[in-house]
Amino acid sequence: MAKLIYSLDSAFLGDIALDKERITIGRRPGNDIHIDNLAVSGEHAAITIIGKDAFLEDLGSTNGTLVNGKLITKHILQNGDVIELGKYQLKYVGEAPAANVGGQDDFEKTMIIRPSAMKAVAPAEVAPSASASSAAMKSPAVNAAPRPVADATTQGPVGKLQVLNGASQGKELVLTKALTTLGKPGVQVAVITKRPQGYFITHVEGANYPSVNGSPVGAQAHPLNDHDVLELAGIKMEFYFSPA
């Protein structure tokens with residue numbers, strides 16, 4: 001199981017297991033990782049776990065979220081990445097070391113569908129380096145409710161998406177990969193994962209959740225059934241299983 005190594009000015013404070021599908025970080029007590037510090041926003045950042053991958057997203061924080069010294073909006077965590085929040089560090093330790101830390105190969109398993117065209121792109125968003133502001137620190141409190149995370153798999157029935165509106169109407173996408181990212185970066189992004197139990201859609205980015213059959217999916221992974229209609233970033237798509 002992946003974890004975060006928690007430290008303050010490089011002094012070890014403890015380990016945090018990433019045992020939920022969505023882990024929030026912030027100054028408010030209701031966060032899974034509670035850091036009572038003025039440099040940290042009330043709802044600062046969130047980590048979404050998809051199979052063995054972890055997606056870090058800044059939630060519009062005042063001072064920003066840094067990974068390896070660079071300000072990020074959204075970032076797929078690699079083994080050894082260091083998240084910086086003021087003087088606090090959260091080092092990400094994956095289940096196994098990544099073969100090419102900092103490279104682009106890991107992004108090849110994801111795909112972005114844009115309304116104007118269906119093209120594969122790498123969904124990495126990294127801003128220029130920035131310094132995090134510092135302030136007087138208090139000892140942090142950490143609380144997390146355990147939840148098992150299912151591994152993604154490429155076995156089982158193969159699902160497809162067919163676009164129902166827009167310029168790409170009628171086009172199909174075969175969901176053969178363990179992870180498929182859909183949406184418009186900066187507007188609305190979701191991830192479809194293939195697990196032993198079937199296909200699931202999870203919200204990753206954007207103020208509004210994607211909908212399935214007209215109902216928002218919420219923050220947790222939502223299972224997909226044959227002929228469900230998804231709506232994401234203004235695009236409607238039908239999910240269905242490919243005939244045997």
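An account of the accompanying structure is given in this report. (Residues numbered from 1 in each chain as written. Predicted model: local features only at pLDDT ≥ 70, side-chain atom pairs only at ≥ 80, totals over all residues. Heavy atoms only, no water.)

## Some points on the sheet that holds strand E16 (residues 188–195)
At step 1: Pairing is antiparallel in the open sheet, where four strands are placed in the order E15-E16-E17-E20. Of all the strands in the sheet, the pair left with one neighbour each is strand E15 (179–184) and strand E20 (222–223).
At step 2: Examined bridge by bridge, E15 and E16 share six bridges and lie antiparallel to one another. Looking across to E16, one finds that Thr-181 is bridged to Val-191. (Pairing = 2+ DSSP bridges. Helix = DSSP H or I, 4+ residues; strand = E, 2+ residues; numbered from the N terminus.)

## Here's the deal with the sheet that holds strand E22 (residues 235–241)
At step 1: Spatial strand order, E14-E13-E22-E21-E18-E19: six strands in an open sheet with antiparallel pairing. Looking at strand neighbours, the two that pair on one side only are strand E14 (172–175) and strand E19 (215–216), the edges of this open sheet.

## Here's the deal with the side chain of Thr-65
At step 1: Tracing the sequence through the fold places Thr-65 in strand E7 (residues 65–67).
At step 2: The buried category is assigned to Thr-65, whose relative accessible area is 0%.
At step 3: In this structure the side chain of Thr-65 is engaged in a polar contact, spanning 3.3 Å, whose partner is the side chain of His-44.
At step 4: A distance of 2.6 Å separates a polar atom in the side chain of Thr-65 from a polar atom in the side chain of Asp-58.
At step 5: Setting aside its immediate chain neighbours within four residues, Thr-65 contacts His-44, Ala-45, Leu-56, Asp-58, Lys-70, Leu-71, Ile-72, Ile-83, Glu-84 and Leu-85. (Buried < 20%, exposed > 50% of the residue type's maximum accessible area, 1.4 Å probe, protein only. Polar contact = N/O pair within 3.5 Å; in protein donor to acceptor, adjacent residues only side chain to side chain. Contact = heavy atoms within 4.5 Å.)

## Observations concerning the pattern of salt bridges
At step 1: The full count for this structure, using the stated rule, is five salt bridges.
At step 2: For Glu-21, the salt bridge is made with Arg-195, and the minimal N-O distance between the two is 3.2 Å. Of this pair, Glu-21 sits in the loop between strand E2 (11–17) and strand E3 (22–26) while Arg-195 is found in strand E16, placing the two residues 174 residues apart along the sequence. The pair formed by Glu-21 and Arg-195 is uniform in burial state, with each residue classed as buried.
At step 3: A salt bridge links Arg-28 to Glu-43; the nearest nitrogen and oxygen atoms lie 3.5 Å apart. Of the two residues, Arg-28 sits in the loop between E3 and strand E4 (33–34) while Glu-43 sits in the loop between E4 and strand E5 (45–50), which places them 15 residues apart along the sequence. (Salt bridge = Lys/Arg side-chain N within 4 Å of Asp/Glu carboxyl O.)

## Some points on the environment of Ile-192
At step 1: Examined against the element boundaries, Ile-192 turns out to sit in strand E16.
At step 2: Among the residues examined, Ile-192 registers a relative accessible area of 2% and is labelled buried.
At step 3: Taking the C-alpha atoms as reference points, Ile-192 and Thr-180, 12 residues apart in sequence, are found 5.2 Å from one another.
At step 4: Beyond its immediate sequence surroundings of up to four residues, Ile-192 is in contact with Leu-161, Leu-175, Ala-178, Leu-179, Thr-180, Leu-182, Tyr-199, Phe-200, Ile-201, Leu-224 and Leu-230.

## Side note on the pairing of E3
At step 1: Burial analysis of E3 places five of its five residues in the buried class, which makes it a mostly covered element.
At step 2: Residues of E3 alternate between two faces, with Arg-22, Thr-24 and Gly-26 on one and Ile-23 and Ile-25 on the opposite face, all of them buried.
At step 3: Where E3 lies against E5, four bridges are found, and the strand directions are antiparallel. Note that in E5 the partner of Thr-24 across the bridge is Ala-46.
At step 4: The pairing of E3 with E4 spans two bridges and is classified as parallel. Along E4, the bridge assignment pairs Ile-25 with Ile-33.

## What about the packing of aromatic side chains?
Both the distance between ring centres and the angle between the ring planes are used here to describe each pair of aromatic rings.
At step 1: Following the criterion strictly, the structure yields four aromatic pairs and no others.
At step 2: When the centroid spacing of 5.8 Å and the interplanar angle of 40° are considered together, the rings of Tyr-6 and Tyr-88 count as tilted. You can see Tyr-6 sitting in strand E1 (residues 3–8) and its partner Tyr-88 sitting in strand E10 (residues 88–93), a full 82 residues away along the chain. In this pair, the class of Tyr-6 matches that of Tyr-88, namely buried.
At step 3: Cluster of aromatic residues (ring-pair linked, three or more members): Tyr-199, Phe-239 and Phe-241.
At step 4: Over the ring of Phe-200 we find Arg-195, and its NZ or CZ is 4.7 Å from the ring centre. (Phe/Tyr/Trp six-rings, centres within 6.5 Å; stacked < 30°, edge-to-face > 60°. Lys NZ or Arg CZ within 6 Å of the ring centre and 35° of its normal.)

## Section: the nonpolar core
At step 1: Counting residues in hydrophobic clusters, the biggest one holds 23 residues, and the most contacted among them are Leu-4, Ile-35, Ile-47, Leu-56, Ile-83 and Leu-90.
At step 2: When near neighbours in sequence (up to four residues on either side) are disregarded, Ile-83 contacts Leu-4, Ile-47, Leu-56, Thr-65, Leu-66, Val-67, Leu-77, Tyr-88, Gln-89 and Leu-90.
At step 3: In this structure, Leu-182, Tyr-199, Ile-235 and Phe-239 belong to the second largest nonpolar core, which totals 18 residues. (Core = buried A, V, L, I, M, F, W, Y, C linked by side-chain atoms within 4.5 Å.)

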